Amino acid sequence: MALKGFVSRIALLASWLGLFAAPAAARDFAAFNADYGANVVAPAFKALAGETGRLVQAADAFAAAPSRDGFANLRVSFELVSDAWMAAEFYHLGPLGSEQRADRFEYWPEKRPIIDKQLNALIANPSDDALEPRRFAQASVAVQGLPALERMLYGDAARQILSAGPEQKARIAVIRAIAHNLDALAKELANAWDQALGDPRTAAAPFAPDPNEAAAQLYADLVSGIQIARAQKLAGPRGQALETAKPKAAEQWRSGRSLRDIKLNLGALNAAVLGPHGFATLLGSDQAPLKQELAQAFDAAMAATDAVPEPMDQQVADPEGRKTLGALLAAVTQVSYLLQQKMAPALGISIGFNELDGDGS
């Protein structure tokens, strides 16, 4: 995604959001960070690693004996990994925000049309050296993750893998390389968080110099997460008018997951804000109305998601479908507004300019 990047990504994000936890706020951010990390962030990456492990098993089994059932199992595993990723993708603080792991896991939006070109080149020459795990982990982000795997499983040439044609062996080798790479990434993420949370000193301020900054950066992840869902996953494909709709800009449109991805994002963000270990636990009893307003906003967004017919990429080019997407966009925008303009001040966290504001809407 556009906000993914290198080691400095999360610090830069907090900086350009103008985001920091005010020391004056009398809150135990140290205890909150440890609890939030252990019960919200770490479980998301553990679940992701569990699904990538099953994806590896499915890819290896298919490679050993290609079949229609094996191909179907690969698709099921892809779906489950994607589901788990949508619940974890915005936790950029720490390992996901470093070493291009976010882009390597899901290079989307595609900044320039290179995935197909680089995949085709890899299929044409799938040497053992190029697909060796350590070498493949250094390859272009365009071929390492979910978008490349989606093309292999759902693209125009996906069914070629079931024929005994000249490309079958090469395609299977590339699928296995991607599956093993995703698994290695997911395990790196899960292990890094487990290590950080295993020591009370680092658990209090995971991947940050102090608890206040850690809490602010953890909250920045949620703000950027809702903005990505709003601006890039929804408003971008919908466009400002029917003539500017971009159906193929929708996330995972080949596998028909675009709307599901947004719904899973909203569910995970809801839990991170209003769940038993979420940021709302930092609010006092006098903030009960704000909690209720947030709950209603998330409920409205989920209901608006349910009202959109699937697949979403077809709805962005349909006049009636665009109305339901417009209602969803308004509902998600309201959640974003509350998180930035009401929740953040109530937490003692200051948010300044956000460059995604207005993007695509």
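Presented here is an overview of the structure given in this document. The structure displayed is predicted, hence computed values, not measured ones.

### Here's the deal with the pattern of salt bridges
Link 1 in the chain: The final tally for this structure, using the stated rule, is 20 salt bridges.
Link 2 in the chain: Among the salt bridges present, the one from Lys 111 reaches Asp 103, with a minimum N-O distance of 3.8 Å.
Link 3 in the chain: Overall, Lys 111 belongs to the exposed group, its relative accessible area being 51%.
Link 4 in the chain: One salt bridge connects Glu 251 with Lys 233, and the closest N-O pair in it is separated by 2.8 Å. One end of the pair, Glu 251, is in the loop between helix 12 (211–238) and helix 13 (258–274); the other, Lys 233, is in helix 12, with 18 residues separating them in the sequence.

### Focus on the environment of Ile 123
Link 1 in the chain: Looking at the secondary structure, you find Ile 123 in helix 5 (residues 115–124).
Link 2 in the chain: Overall, the relative accessible area of 8% leaves Ile 123 in the buried class.
Link 3 in the chain: Taking the C-alpha atoms as reference points, Ile 123 and Lys 169, separated by 46 residues in sequence, lie 9.1 Å from one another.
Link 4 in the chain: Ile 123 has contacts with Met 152, Glu 167, Ala 170, Arg 171 and Val 174, leaving out every residue within four places of it along the chain.

### Notes on the packing of aromatic side chains
Geometry of an aromatic ring pair is reported as the spacing of the ring centres plus the angle between the planes.
Link 1 in the chain: Considering all chains together, one arrives at 10 aromatic pairs under this definition.
Link 2 in the chain: With 6.4 Å between their ring centres and 70° between their planes, Phe 45 and Tyr 91 make a pair best called edge-to-face. Note that Phe 45 is positioned in helix 2 (residues 29–64) and Tyr 91 in the loop between helix 3 (68–86) and helix 4 (101–105), a separation of 46 residues in sequence.
Link 3 in the chain: By relative accessible area, Phe 45 is classed as buried at 0%.

### Structural notes on helix 9 (residues 146–154)
Link 1 in the chain: Counting buried residues along helix 9, 9 of its 9 residues qualify, which places the element largely inside the surrounding structure.
Link 2 in the chain: Residues of helix 9 that are buried make contact with helix 2, helix 3, helix 4, helix 5, helix 8 (141–144) and helix 10 (168–198).

### Some details on the packing of helix 13 against helix 14 (residues 288–306)
Link 1 in the chain: Interhelical geometry of helix 13 versus helix 14 gives an angle of 165° and a closest axis separation of 10 Å. By the angle between their directions, the pair helix 13 and helix 14 is classed as roughly antiparallel. As for the relative orientation of helix 13 and helix 14, their crossing is left-handed in sense. Contact residues: Leu 259, Lys 263, Leu 266, Gly 267, Leu 269, Asn 270, Val 273 and Leu 274 in helix 13; Lys 291, Leu 294, Ala 295, Phe 298, Ala 301, Met 302, Thr 305 and Asp 306 in helix 14.
Link 2 in the chain: Residue composition of the contact of helix 13 with helix 14, grouped by class: 10 nonpolar, 3 polar and 3 charged.

### A look at the packing of helix 12 against helix 13
Link 1 in the chain: Taken N-terminus to C-terminus, the directions of helix 12 and helix 13 make an angle of 165°; their axes are 10 Å apart at the nearest point. In terms of orientation, helix 12 and helix 13 fall into the roughly antiparallel class. Viewed along their axes, helix 12 and helix 13 form a crossing whose handedness is left-handed. Listed contacts from helix 13 to Leu 222, Gly 225, Ile 226, Ala 229, Lys 233 and Leu 234 of helix 12 are Asp 261, Ile 262, Asn 265, Leu 266, Leu 269, Ala 272 and Val 273.
Link 2 in the chain: Grouping the amino acids of the contact of helix 12 with helix 13 by side-chain chemistry returns 9 nonpolar, 2 polar and 2 charged.

Basis of the calculations
Residues numbered from 1 in each chain as written. Predicted model: local features only at pLDDT ≥ 70, side-chain atom pairs only at ≥ 80, totals over all residues. Heavy atoms only, no water. Salt bridge = Lys/Arg side-chain N within 4 Å of Asp/Glu carboxyl O. Buried < 20%, exposed > 50% of the residue type's maximum accessible area, 1.4 Å probe, protein only. Helix = DSSP H or I, 4+ residues; strand = E, 2+ residues; numbered from the N terminus. Contact = heavy atoms within 4.5 Å. Phe/Tyr/Trp six-rings, centres within 6.5 Å; stacked < 30°, edge-to-face > 60°. Axes fitted to C-alpha atoms, helices over the stretch in contact; angles between N-to-C directions. Parallel < 35°, antiparallel > 145°, perpendicular 65-115°, else oblique. Left-handed = near helix turned anticlockwise from the far one by under 90°. Nonpolar A, V, L, I, M, F, W, Y, C, P; charged D, E, K, R; others polar.

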